[in-house]
Structure formats: C-alpha cells, structure tokens
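# Notes for the structure review
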Amino acid sequence: MQLEGVLGNRGACAAPCRLPYQLLSNNNSTIDAGYLLSTKDLLGLDYVKKLMDIGVSCFKIEGRLKSAEYVGLVTKLYRKYIDTKAVPTIEDKDLLLQAFNRGGASLGHLNGINDELICSKVPDNHITLSKEISNSLKNTYSGKELKKINLSGKISIYKDTPILLTVSCNEGIYKDINFTIESDFIPSLAINSPITEDKIRNQICKTGNTEFNFTSLEIDMENNLYIPNISLLNDLRRTAISKLELIAKSRYERSSKPLSVTKISDIKKENHMQICVLLNILDLNANYELLNVDTIYIPFDYFTNANYFNLLRNLSNKKNVYIYMPIILKDSIYKNIKYDLNNILKEFDIKGFVVSHISQIDLCQNYNFPIVANYSFNIMNTQTINNLSNLGIERFTISPELNKNNIKTLSSMCNSEFIVYGKLPVMTTNFCLSGKTNICKSACKNNCLNNKFSIKDKLGFIFRVLPNKKSTITTIYNSKITSIDFKDLNLNCARIDFLDETFSEMNFVINKIHKKEKLEGSDYTNGNFKRTV
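Reading the values: the criteria
- Residues numbered from 1 in each chain as written.
- Predicted model: local features only at pLDDT ≥ 70, side-chain atom pairs only at ≥ 80, totals over all residues.
- Heavy atoms only, no water.
- Pairing = 2+ DSSP bridges.
- Helix = DSSP H or I, 4+ residues; strand = E, 2+ residues; numbered from the N terminus.
- Axes fitted to C-alpha atoms, helices over the stretch in contact; angles between N-to-C directions.
- Buried < 20%, exposed > 50% of the residue type's maximum accessible area, 1.4 Å probe, protein only.
- 1 Å grid on protein atoms, 1.4 Å probe; cavity = no way out; pocket = protein on both sides within 12 Å on 5 of 7 lines; lining within 4 Å.
- Points joined across faces, edges and corners; volume = space filled by probe spheres on them.
- Nonpolar A, V, L, I, M, F, W, Y, C, P; charged D, E, K, R; others polar.
- Phe/Tyr/Trp six-rings, centres within 6.5 Å; stacked < 30°, edge-to-face > 60°.
- Parallel < 35°, antiparallel > 145°, perpendicular 65-115°, else oblique.
- Left-handed = near helix turned anticlockwise from the far one by under 90°.
- Contact = heavy atoms within 4.5 Å.
- Arc of directions from axis to C-beta.
- Salt bridge = Lys/Arg side-chain N within 4 Å of Asp/Glu carboxyl O.
- Polar contact = N/O pair within 3.5 Å; in protein donor to acceptor, adjacent residues only side chain to side chain.

Next up on the list: the sheet that holds strand β6 (residues 164-169). Taken together, the 4 strands give an open sheet; going across it, the order is β7-β6-β5-β9, and neighbouring strands pair in mixed fashion. The sheet terminates laterally at β7 (177-182) and β9 (212-221), the two strands that pair on one side only. Across the sheet, the mean angle separating the axes of adjacent strands is 15° when strand polarity is ignored. Where β6 and β7 come together, 6 bridges link them in antiparallel fashion. Looking at the pairing, Leu165 lines up with Ile181 of β7.

This is the structure:
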C-alpha cells in the first residue's frame, strides 16, 4: 500500500496493510471490521515441483525482519523439496507454521480461487517452535565463520620505487581477476626503525569484516626501508579491494544505449497546454461532451458494456476519446482483448490509448494511434523515457512519487503529462474486500454496482474502494485529493483524475486547472510534490 511520503516502490513500507480498518457501504454503515488487508503468509511448498517443471529456476523466500531460526528452517525445507521433488509432508508444513504464523498460511493465487487470503483477526505473527528445534537450528549457524573469498597477493617494496601490490582471485564472481596497483609513496632508506616483513604482512592481510581473506602473500622487499606511516599500507589494501569489487561489478553491469531523449524545443507544442481527464466512473446521465477539456480517458471495461454504448458513441464523435487500459490485465481478459479492441474501434471513434503495462504496448501499436504511458510505468528518469520512446510511446505520465524539481527536469525533456488533480491509487489488489475472495461469485450479495465502498482507518481517514467485477481487481484510493501547483512545470498536458465528483464539481475543477490554480483546504494534499525524494 503506497502512502503519501512512504514510498513502497523504494523499499520504505510502513505496513499499513497490517492495521485495522472498517469497511463502509453507501450510507457509511460498517459492514465489516478488522485487519481487512492483512494477508496470510504464502506457503507454496506444495507447488515447488510444479513450478520447477514449468521452468522456474530460482525461488525467492521473503525473510525481511525474520529471525535467523526462521531463515534456517525455511531454507532447509525448501532446499529439501527442491532437491527431492517429493510431496511435502504434513509435518514439514506444520513446522513452517511454527516458525512464522499470521493466522495460518495461504496458497496465495497459486491455486486459482482463494477465499482464505486474509486473516482479519490476527495482524501479528505467532512463533511456536519448540526449544529443541530452535536450538538445533541455532547449531547450524552459531559459531560458524562467514565464508571468505580467498585472495593471493604479492607486494614489492624497493628504494626510490612506488610500492606495487598485485592481487589475484579465482573464486565466484571474482574468477580470473588479476591486477597490480601502485602507491603514491616512494620508500627511502631508514635512519632508524625500518619496516619489517611481519608488519607488512599484518597490515595487508588485515581484511577485517570484508568478504575477502589473503591466503597467501608473497613479500619481495629490500632491507632497511622506511615507511613513515603504516596507514599507507592500509590505504593500499583498501584501494586493492575496491578495485577488485569494481572489476567484478563491471562484468554484470547492464549495457544501455546512449540517451536520445526528445528536447522540449523539438516537441510540437499546442497554443495552449492540453488538459486531459480520466473518468474512473461514468454517469449515464452526464453530458461529458460539455467538459472544456482536450482529451477524455475512458476505462477499457466501459467499452465492453452495452449499457454505455450510446454515451460512448456520442462522446467519441464529439471529443478526443482515449481508451484507458487496466493497470492489471489478467490472462482471462487478455485472451479476448484483441477481439474486443477490433469491435471497439469499429463501433467508436477512438483517438488513442493510455497503456498501463509494457505488455499492452505491442497490442495497441497495431492500430496506429497515439499512445500515452501511464504513471504505472514509474517514469522517474530519462532512461525510462528513452526506452519507452524507442517502443513507440508519444507522451509520458510522470510518476506522482517525484517532487517538483524532478518533475520539472523530466517535463523539459519529453512530451510530458502529470496528474495535477485527483485521488491517487494507493493500493491495487487481486482481492475483493466485500466478497472476501479473489474471484467474483454470482452468489455474492454485496452488489458492487449499487454500493459505494470505502475503508476507514483508526485515525478516521476514509479511503475510497473501487472493486472491478470483471477481473476482481480492487483499487483503494487516497483519503485526500492531490492538487498540485503546476504553473512552473512546463507540462504538455495537465491530467485530471475524477472519481466521485458530480458534473458541476468537474466543471469547477476544470475551470481552476485552466487558470493554473490549485485547490486548497483540508481535503487536499500536495502529495510528494514538496518532499525530498
């Protein structure tokens, strides 16, 4: 869950999914309460063989903030079943639950339909490992020394010559590395206290808490030499280790093409900055063609719903209408999407696409329409812009995680778009909070079409919840509306995201945006606009 100022995409998670919430319906009555977003931990031991059979070659085990005993047990058991491909025993699965248990375990989405994803009653974990098992696990690592990378070295120290240190390694990612470095200092003859071989060996081999260990060091030196400060040898050793790491890293660096980002002077600018509007929810009685905007984004699902065909037909004939592709597009929908798109383009006068995932680019390029990259591409730097530009993207929605200076820099380098008004999504989940499942069931009585759901946190903030019956994807929006002072950003397009606003409220906001004014008050936030990123 992505909260303002706490960027989960950058590893800063405040764990809001482990907090208590109330699920509210239309009239703000509570229809559920508890830890409604707190998922059970994934236990995928039963799927190890199946995943290996389809070509998975590496398994990731989540161990953030877990104990050493947890890591020892989990890696031991998964190693066992990766090697044997046997059917996991009940005893072994029970052991995993003893190591960490947040209201039981779940198969996640591995098994398709899952009504047991959430444990709304227990937010924290329970560890019930016996003392005997815990001690046996401790014995696997207690008193054990970290495995070191073995190095060979040779140091040459002669009068009136820079000191030379040669380092060789033939292990792991450091295999076949051999180089020589020289010091800036030149030894001279000693008047008293000459440097000794033991002192040199001691300093060069003092690798401390690094991952390296000198197993051999040949010392070739002239007698009776003076080195004024022992730190000179320490610096030589540190420089050698740094170079060793740099050489290894360079072997695995990604190669990238030189940047060829379009400059602002090369962009065909309109006489006025464009304004585009995303209508997350359509009202059949609204006259959207009267909105004073250049482009209107309509979510894809509406184009496959016959109830909205007349509205969309009229709107696309009078306005620049783009199809707004889903943030998540499941295989079940993707299989039919080409057929759906062909019919949509025959039925409606579509002018372009907003793509939300890289898999959608090829799909939409077939129709030769302008393509906008959504904020979900995490457009935060020129490298991303360049790569997307090479794939045919024509406009870039800059990430709302960035601050003003970052946005201003990127907007000067590309055909830019930025969300200047709207409630931004803070979480997208493959789970329905009202139906308590990851698939929409006909027997569910929480009619999503006629109910307006929200969740309320312990501080009283209310977050709008928008379920999608077609894909069972639920979007949770921020409790406050982002409103940005964008006068100085030099945007090509100011984007407005509407959710529950009335038609008159939409017109009010659009008029403000035309004047390049932001909305003020307790209901609004700058988001990350003024933060240090």
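That was the structure; now back to the text.
This part takes up the environment of Val87. Tracing the sequence through the fold places Val87 in the loop between α2 (68-84) and α3 (90-99). Among the residues examined, Val87 registers a relative accessible area of 71% and is labelled exposed. Between the alpha carbons of Val87 and Asn224 there is a distance of 70 Å; along the sequence they are 137 residues apart.

A few words on empty space enclosed by the protein. Evaluated as defined, the whole model comprises 1 cavity of 30 Å³ or more. The volume enclosed by the largest cavity comes to roughly 30 Å³. Looking at the lining of the largest cavity residue by residue, the class counts come to 6 nonpolar, 2 polar and no charged.

This brings us to the packing of aromatic side chains. One pass over the full model with this rule turns up 11 aromatic pairs. For the ring pair Tyr302 and Tyr308, a centre distance of 4.7 Å and an interplane angle of 75° mean the geometry is edge-to-face. Taking the relative accessible area as the measure of exposure, Tyr302 reaches 14% and is therefore buried. Centre to centre, the rings of Phe303 and Phe348 are 5.6 Å apart; their planes meet at 65°, and the pair counts as edge-to-face. Taken together, the residues Phe303 in the loop between β12 (295-299) and α7 (309-318) and Phe348 in the loop between α8 (331-347) and β14 (350-355) connect sequence positions 45 residues apart. You can call Phe303 buried: its relative accessible area is 2%. Judged by its relative accessible area of 4%, Phe348 is buried. Among the aromatic residues, those joined into a cluster by ring pairs are Tyr297, Tyr322 and Tyr324.

The description of two helices packed together rests on the angle between their axes and the distance between the axes. Interaxial distance between helix α5 (residues 197-204) and helix α6 (residues 231-250) falls to 9 Å at its minimum, and their mutual angle equals 40°. In this view, α5 runs oblique relative to α6, as classed from their interaxial angle. Crossing of α5 over α6 shows right-handed handedness. Two secondary-structure elements touch here, α5 through Ile200, Gln203 and Ile204 and α6 through Leu233, Asn234 and Arg237. Each residue belonging to the contact of α5 with α6 can be placed in one class, and the counts come to 3 nonpolar, 2 polar and 1 charged.

Once that is clear, we can look at α7. Of the positions making up α7, those classed as buried are Leu311, Leu312, Leu315 and Ser316. With its buried residues spanning 115° around the axis, α7 presents them on a single face. Facing away from the buried side of α7 by over 90 degrees, the exposed positions are Asn310, Asn317 and Lys318. If you follow the buried residues of α7, they end up packed against β12, β13 (320-324) and β14.

All chains considered together, the criterion is met by 23 salt bridges. A salt bridge links Asp41 to Arg102; its shortest N-O distance comes to 2.8 Å. Here Arg102 lies in the loop between α3 and β4 (105-106) and Asp41 lies in strand β3 (residues 41-42), a separation of 61 residues in the sequence. Exposure remark for Asp41: the relative accessible area of 22% places this residue in the partly exposed category. Overall, the relative accessible area of 12% leaves Arg102 in the buried class. We note a salt bridge from Glu289 to Lys318, for which the minimum N-O separation is 4.0 Å.

A few words on unusual backbone geometry. Peptide bonds are mostly trans, and most non-glycine residues show a negative phi. A positive phi angle, close to 55°, is found at Asn378, a residue other than glycine. A residue is classified by how much of its surface remains accessible, and Asn378, at 34% relative accessible area, is partly exposed. Even without a glycine there, the phi angle at Thr472 is positive, about 55°. Its location among the elements puts Thr472 in the loop between β20 (462-468) and β21 (473-477).

Attention now goes to the side chain of Ser316. Within the secondary structure layout, Ser316 lies in helix α7. A polar contact is formed between the side chain of Ser316 and the backbone nitrogen of Asp349, at a distance of 3.3 Å. Beyond its immediate sequence surroundings of up to four residues, Ser316 is in contact with Val321, Phe348, Asp349 and Lys351.

Take the sheet that holds strand β1 (residues 21-24) next. Across the sheet, which stays open at both edges, the 6 strands sit in the order β2-β1-β19-β20-β21-β18 with antiparallel pairing between neighbours. Both edges of this open sheet fall to β2 (30-34) and β18 (425-429), since each of them pairs with a single strand only. Strand after strand, the sheet turns through a mean of 25° between neighbouring axes, direction not considered. Relative to β21, β18 is paired through 4 bridges, and the arrangement is antiparallel. For Pro425, the partnering residue across the bridge sits in β21 and is Tyr477.

With that settled, consider the layout of surface pockets. Vacant regions in the atomic arrangement are exposed by a probe of water-molecule size rolled over the atoms. Estimates place the volume of the second largest pocket at around 1400 Å³. As for the second largest pocket, its lining consists of 50 residues, of which Asn280, Ile281, Tyr302, Leu466 and Pro467 are closest to the centre. Every element with two or more residues in the lining of the second largest pocket is listed here: β18, β20, β21, β23 (493-498) and α12 (503-514). Class assignment for the residues of the lining of the second largest pocket results in 28 nonpolar, 11 polar and 11 charged.

A word on the packing of α2 against helix α4 (residues 131-138). Packing of α2 against α4 leaves a shortest axis separation of 9 Å and a crossing angle of 85°. Considered as vectors, α2 and α4 are oriented roughly perpendicular to each other. Residues Glu69, Gly72 and Leu73 of α2 form the contact with α4, whose own contacting residues are Ser134, Leu137 and Lys138. The class makeup of the residues in the contact of α2 with α4 is 2 nonpolar, 2 polar and 2 charged.

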